[in-house]
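# Reading the structure
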Amino acid sequence: MLDQKTIETIKSTVPVLEVHGEQITTVFYKTMFENHPELLNIFNHANQKQGRQQRALAGTVYAAAKYIDNLEAILPVVNQIAHKHRSLGILPEHYPIVGKHLLIAIKEVLGDAATDEIINAWADAYGVIADAFISVEAEMYDEAASQRGGWKDFRPFIVAKRVEESEVITSFYLKPVDGKAIASFKPGQYISIKLEIEGEEFTHIRQYSLSDAPGKDYYRISVKKEAGMESPDGKVSNYLHNSVEEGEVLQISAPAGDFFLDTQKDTPVVLLSGGVGLTPMVSMLNTVAELQPEKEVTFIHAAQNGKVHALKDEVAATAAKAKVNSVVFYDQPTEEDRQNNSFDVEGYITKEWLKENVNLEQSDFYFCGPVPFMKAVNSALKDLGVAEDRIHFEFFGPMASLEA
Ligand code: HEM
């Protein structure tokens, strides 16, 4: 436990961190990667370049500082990050490296203002926060390894099948090389893929949502080909699209993530997705159709047009079998889309449309998509009075804020 004086010192430095937080984490990453380049095998270079990871870590450090005497209050956040860490293979021995470089960065950015008292208080506080993460993650590793078909680190899977789902999205069906059972998962969870790309110095790890229901002998991911191969964002997805054929072996970590459908509830659900955000939603849809076919589901998908609309036939077939109302929005339909009647509404999902068309009083809402889509859906649902405990969402990449 931290003593009262340390707690006070930590709390009084929160405003300073809020001013310099991002600068501190930028220096932190730079120094840490200089001293420990091997960590570039774990960190996502795209997130580093765009500063997204800096913001995510800075935000968590403030939160931890504010709640340092009551870390229980931020347990949901710890849990979400711990899922990501477990999926990436972060280990207890990594924590002192991060702690050391965080303190170096605080000293460098704050200069004389970083007194010994402040630095010592932060060293103690970091220890408490790190212990909280390490113990939550240890439980997650145990759980991942001990369940039927589970495993602890990365396990080789073969690409059993590739299916082009749209001009930009391709599904990969992955089966374990050892031919043994694979762990079940909750619809909405993701896996990490660790890739070695020829000519690249470091490995790349990326998370992809599982896009089919659990209980099969494969995992399916459906990957969008992001911008060019040269952009850090597109590197891995382009590699998967262009170079990973059937028969190729990929290293996969066991399913993780705290964004998943509550299959205990019988009340209606509304699943909303934008673009490739549909992947966890299709997993949820397929699961409900198999396990709770009587449950009322509204599946709302927004895409630009039919050319980039993935898994269209699969969703339509599932909708026909279960109690699913499927609605497709295109904001830039093509002439062909019009002729084929391949969408229901032209434009974006709006508050007014939701008010008229979904059960706002009873439904749980799950959504995933690009940030502007998420912001629009989140604020519409709040304005319409949907209780916060019925709103569930997940970001691609590091957490961001949904506030305007
Ligand atoms: C992701 C916080 C320790 C490696 C994250 C995220 C946060 C975070 C907020 C983003 C989560 C998300 O996107 O959902 C922290 C805090 C730590 C800590 C507060 C210390 C108490 C570590 C350690 C390592 C590590 C020790 C390994 C050296 C990563 C990696 C990611 C990540 C690789 C994924 C994002 C990326 O690749 O850029 N962490 N973390 N973290 N963390 Fe940590």
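Residues numbered from 1 in each chain as written. Predicted model: local features only at pLDDT ≥ 70, side-chain atom pairs only at ≥ 80, totals over all residues. Heavy atoms only, no water.

### Here's the deal with the overall build of the protein
- What the protein contains, in helices and strands, is 12 helices and 12 strands.
- The C-alpha radius of gyration of the protein comes to 22 Å, within 12% of the 22 Å expected for a compact globule of 404 residues.
- A principal-axis box enclosing the C-alpha atoms of the protein has dimensions of 70 × 50 × 40 Å.
- Counting the 404 residues in the protein, one finds 53% classified as buried. (Helix = DSSP H or I, 4+ residues; strand = E, 2+ residues; numbered from the N terminus. Rg over C-alpha atoms; globule rule 2.2 N^0.38 Å. Buried < 20%, exposed > 50% of the residue type's maximum accessible area, 1.4 Å probe, protein only.)

### What about the coordination of the iron atom of the ligand?
- A lone protein donor contacts the iron atom of the ligand, and this donor is His85 (NE2), found at 2.1 Å.
- Along the chain, His85 turns up in helix α4 (residues 75-88). (Donors = N, O, S within 2.8 Å, 3.2 Å for Na, K, Ca; no water.)

### Focus on the packing of aromatic side chains
- Summed over the entire model, instances satisfying the criterion amount to 14 aromatic pairs.
- Between Phe185 and Tyr219, the aromatic rings sit 6.0 Å apart at their centres with planes inclined by 70 degrees, giving edge-to-face as the arrangement. With Phe185 in the loop between β2 (169-176) and β3 (190-195) and Tyr219 in strand β5 (residues 219-224), the pair connects residues that are 34 residues apart, well separated along the chain.
- Its relative accessible area of 9% is what places Phe185 among the buried residues.
- Among the residues examined, Tyr219 registers a relative accessible area of 1% and is labelled buried.
- Put simply, the rings of Phe28, Tyr29, Phe33 and Phe43 touch in pairs and so form one group of aromatic residues.
- Above the ring of Trp151, the side-chain terminus of Arg155 is found at 4.8 Å from the ring centroid. (Phe/Tyr/Trp six-rings, centres within 6.5 Å; stacked < 30°, edge-to-face > 60°. Lys NZ or Arg CZ within 6 Å of the ring centre and 35° of its normal.)

### Thoughts on the pattern of salt bridges
- Tallied over the full model, the rule gives 14 salt bridges.
- Put simply, Glu335 and Arg338 hold a salt bridge, and the shortest N to O gap is 4.0 Å. Of this pair, Glu335 and Arg338 both sit in helix α10 (residues 335-340), separated by 3 residues, roughly a single helical turn.
- The exposure class of Glu335 is exposed, given its relative accessible area of 54%. (Salt bridge = Lys/Arg side-chain N within 4 Å of Asp/Glu carboxyl O.)

### Some points on the side chain of Ser209
- With respect to the helices and strands, the residue Ser209 is situated in strand β4 (residues 204-209).
- Exposure remark for Ser209: the relative accessible area of 14% places this residue in the buried category.
- In contact with Ser209, not counting residues within four places along its chain, are Gln189, Tyr190, Arg220, Ile221, Ser222, Thr279, Pro280 and Glu394. (Contact = heavy atoms within 4.5 Å.)

### Some thoughts on the nonpolar core
- Counting residues in each nonpolar core, the largest one holds 49 residues, and the members touching the most others are Ile10, Met32, Phe33, Leu39, Ile68, Ile106 and Trp122.
- For this core, the secondary structure elements donating two or more residues are α1 (4-35), α3 (52-66), α4, α5 (95-110) and α6 (116-146).
- Of all the elements, α6 adds the most residues to this core, at 11 residues.
- With near-sequence residues (within four places) excluded, Trp122 lies in contact with Ile10, Thr13, Leu17, Val61, Ala65, Leu103 and Ile106.
- Ranked by size, the runner-up nonpolar core spans 25 residues in total, among them Trp151, Phe157, Phe185 and Tyr208. (Core = buried A, V, L, I, M, F, W, Y, C linked by side-chain atoms within 4.5 Å.)

### Describing a nonpolar patch on the surface
- Together, Ile158, Val177 and Val249 make up a nonpolar patch on the protein surface, roughly 220 Å² of accessible area in all.
- Within the secondary structure, Val177 sits in the loop between β2 and β3. (Patch = residues over 30% accessible without salt bridge, like charges linked within 9 Å, V, L, I, M, F, W, Y side chains within 5 Å. Areas by Shrake-Rupley, 256 points an atom, 1.4 Å probe, with all protein chains shown as cover.)

### Some points on the pairing of β4
- By the criterion of burial, β4 is predominantly enclosed, with 5 of the 6 residues buried.
- In this structure, β3 lies alongside β4, joined through 6 bridges in antiparallel fashion. Across the sheet, the residue bridging to Ile193 is Arg206, located in β4. (Pairing = 2+ DSSP bridges.)

### With respect to the packing of α1 against α5
- In contact at an axis separation of 7 Å, α1 and α5 are set at 125 degrees when each is read in the N-to-C sense. In terms of their interaxial angle, α1 and α5 are classed as oblique. Classified by chirality, the crossing of α5 by α1 is right-handed. Of α5, the residues touching α1 (which contributes Val16, His20, Gln23, Ile24, Val27, Phe28, Thr31, Met32 and Asn35) are Ile97, Val98, His101, Leu102, Ile104, Ala105, Ile106, Glu108, Val109 and Leu110.
- In terms of residue class, the contact of α1 with α5 is made up of 13 nonpolar, 5 polar and 1 charged. (Axes fitted to C-alpha atoms, helices over the stretch in contact; angles between N-to-C directions. Parallel < 35°, antiparallel > 145°, perpendicular 65-115°, else oblique. Left-handed = near helix turned anticlockwise from the far one by under 90°. Nonpolar A, V, L, I, M, F, W, Y, C, P; charged D, E, K, R; others polar.)

### Here's the deal with the sheet that holds strand β6 (residues 249-253)
- Within the open sheet, the 6 strands sit side by side as β4-β3-β6-β1-β2-β5. Their pairing is antiparallel. At either margin of the open sheet sits one strand with a lone partner, and together these are β4 and β5. Along the sheet, successive strands turn relative to each other by an average axial angle of 40 degrees, direction set aside.

### What about the sheet that holds strand β10 (residues 345-346)?
- The parallel open sheet is built from 6 strands, whose spatial order is β10-β9-β8-β7-β11-β12. Every interior strand has two partners, whereas the edge strands, β10 and β12 (391-394), have only one.
- Of the strands in this sheet, β7 (269-274), β8 (297-303), β9 (324-330) and β11 (364-368) touch helix α8 (residues 278-291), which is tilted by about 150 degrees from β7.
- Helix α12 (residues 371-383) contacts β7, β8, β11 and β12 of the sheet and is inclined by roughly 165 degrees relative to β11.

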